[in-house]
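Fold and contact review
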Amino acid sequence: MSAAWIPVFCLGVSLLLLPDPTGSEGAVPIPITCFTRGLDIRKEKADVLCPGGCPLEEFSVFGNIVYASVSSICGAAIHRGVISISGGPVRMYSLPGRENYSSVDANGIRSQALSRWSASFTVTKGKTSTQEATGQAASTARPPTGKQLKKTPEKKTGNKDCKADIAFLIDGSFNIGQRRFNLQKNFVGKVALMLGIGMEGPHVGLVQASEHPKIEFYLKNFTSAKDVLFAVKEVGFRGGNSNTGKALKHTAQKFFTADTGMRKGIPKVVVVFIDGWPSDDIEEAGIVAREFGVNVFIVSVAKPIPEELGMVQDVAFADKAVCRNNGFFSYHMPNWFGTTKYVKPLVQKLCSHEQMMCSKTCYNSVNIAFLIDGSSSVGDSNFRLVLEFVSNIAKTFEISDIGAKIAAVQFTYDQRTEFSFTDYSTKENVLAVIRSIRYMSGGTATGDAISFTVRNVFGPVRDSPNKNFLVIVTDGQSYDDVGGPAAEAHDAGITIFSVGVAWAPLDDLKDMASKPKESHAFFTREFTGLEPIVSDIIRGICRDFLESQQ
């Protein structure tokens, strides 16, 4: 008896034919990949065969026992204990959609929470078969056309040049209506597609503003554009007043957390869509968002006409809610029709991390170079204490390719760049290379070392948006002038903190330090006294950074 064939639609690929596992009692399970989802198998009941060796950390699973159809079937089966990582047969049952899929840690997989999805499935142990769980179809299970299943691509890294954690705050009020609401979702989908969503690229979530705000999905829920498009499509229209201010405040306070997928050192962005005008006060919400380091963009559509202005609480609502009222954070579209041409300019704004002024803090927007005395008077054991001092300062900052950057130069009579600002972009690598610095031993020429550092370390990053700092650690008298080179560094916009130990002259420390001298020059008799100065340097860097932003 020949097997029946059922159509299965996969996004981005042509129509495939799979053998109907319920077409006959003797039909073998359908071989699937690690990442085949419930929504890829459009059948009320299906027997499938999961391959072995699937990477647990890459599964996307939503729910517990009952799983959202966007979940990996094999991931759900392992999560529920139906199969092990070795793979095997699984029987899948399609179920209706539901609200509130829970997050549960089980069998090495932590499933994710999801507020709503249109379809679900559950899994049980499948019928055994002589076919091995290799993920390859047996010759008798291939379609007559000779077509084979396309392997679902592994999760992509995304656009590494676009680093942002983005919440789309869409208008779900009666003001926009069902039809324009759907057009709004289409536009959001186009933007999400062009962003280049991926593990190392932008991550996105979605919040709906209406009478009460609702977080539809978080940053951690989906890390591919394909899944985000499915999720956006599933969002239902809520209606009610357009309480955008309430929703923006809720998003700033609740959306961006480590538990929900926020990444440290990555700009936080909220793109607020307003059709017409908000029903509540949005200015206060903008202030809260800025306090939380969130960059607010306002995309206004169909601005109120003169006859409607009397109903608007504040006609300048957009200017008061955005991160900065400089034109960059405001975006206008005349209506929801023909919006394709507006996608690319908006994406370019969202990917301009150097323009995200509200994400900039002293912890993620500084370049800090350490100028370390390696002269003979320091000694190897004390040199280790100096490196520990440097590490304790460096580890406080959010080091990344778009965040804080660290460099180090060791000097005697000569200078040696241990690593520059562009060599390492992770905190782990920076701390490791600091620990590995070898002690030079020799004389002390601090002035030449300052000039060398300004020219060779700060020179290549002169156009960086980060504020520049130089921390000098020395234990003795310099054989050359330090005042002139330090003045040149100050003129180049570099703030200097000088830290002296043992025989370092106070006059030299003050000559090198930025003004006010008393808060930029430090001295300790012993190398063990460096530890309490760590917090003074960090506070000083943050103080100077904040003053530079005013």
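These numbers come from a predicted model, not from an experiment.

Judged by pairing direction, the sheet is mixed, and its six strands sit side by side in the order β19-β18-β17-β20-β21-β22 without closing on themselves. Here the strands that pair on one side only, and so sit at the sheet edges, are β19 (415-419) and β22 (521-524). For this sheet, the mean angle separating the axes of adjacent strands, direction not counted, is 20°. Alignment of strand β17 (residues 366-373) against strand β20 (residues 467-474), held across seven bridges, turns out to be parallel. Pairing of N367 across the sheet is with N468, part of β20. Here helix α13 (residues 533-549) sits on the sheet in contact with β17, β20, β21 (494-501) and β22, set at roughly 165° to β21.

Spatial strand order, β13-β12-β11-β14-β15-β16: six strands in an open sheet with mixed pairing. Strands at the two margins of the open sheet, each flanked by one partner only, are β13 (214-217) and β16 (330-333). Sheet twist, expressed as the mean angle between neighbouring strand axes with direction ignored, is 25°. Summarising the sheet, strand β14 (residues 268-275) and strand β15 (residues 294-301) pair through eight bridges and their orientation is parallel. Bridge pairing links D275 to V301 in β15. The strands that helix α7 (residues 343-350) touches are β11 (165-171), β14, β15 and β16; relative to β16, the one it contacts most, it runs at about 170°.

On to the confidence of the model for the chain. Here the chain averages 86 in pLDDT, while 88% of its residues score no lower than 70. For the stretch residues 1-25, pLDDT sits under 50, and the model shows 56 contacts to residues farther than four places along the chain or on other chains. In this model residues 129-154 is a low-confidence stretch, pLDDT under 50, and it forms 46 contacts with partners more than four residues away in sequence or in other chains.

Turning our eyes to something else, we now look at the side chain of N243. With respect to the helices, strands and loops of the structure, N243 is situated in the loop between α3 (225-234) and α4 (244-254). N243 sits in the buried class, given a relative accessible area of 11%. If we ignore the near neighbours within four places in the chain, the residues touching N243 are A209, S210, E211, S279 and D280.

With that settled, consider unusual backbone geometry. With an omega dihedral of -10°, the bond running from K515 to P516 counts as a cis peptide bond. A positive phi angle, near 55°, is found at N107, a position not held by glycine. Checked against the element boundaries, N107 lands in the loop between β8 (105-106) and β9 (109-110). Judged by its relative accessible area of 48%, N107 is partly exposed. Positioned with a positive phi, A502 is a non-glycine residue whose angle comes to about 60°.

Here is what the cut-offs are and how they apply
- Residues numbered from 1 in each chain as written.
- Predicted model: local features only at pLDDT ≥ 70, side-chain atom pairs only at ≥ 80, totals over all residues.
- Heavy atoms only, no water.
- Pairing = 2+ DSSP bridges.
- Helix = DSSP H or I, 4+ residues; strand = E, 2+ residues; numbered from the N terminus.
- Axes fitted to C-alpha atoms, helices over the stretch in contact; angles between N-to-C directions.
- Contact = heavy atoms within 4.5 Å.
- pLDDT = per-residue confidence, 0-100.
- Buried < 20%, exposed > 50% of the residue type's maximum accessible area, 1.4 Å probe, protein only.

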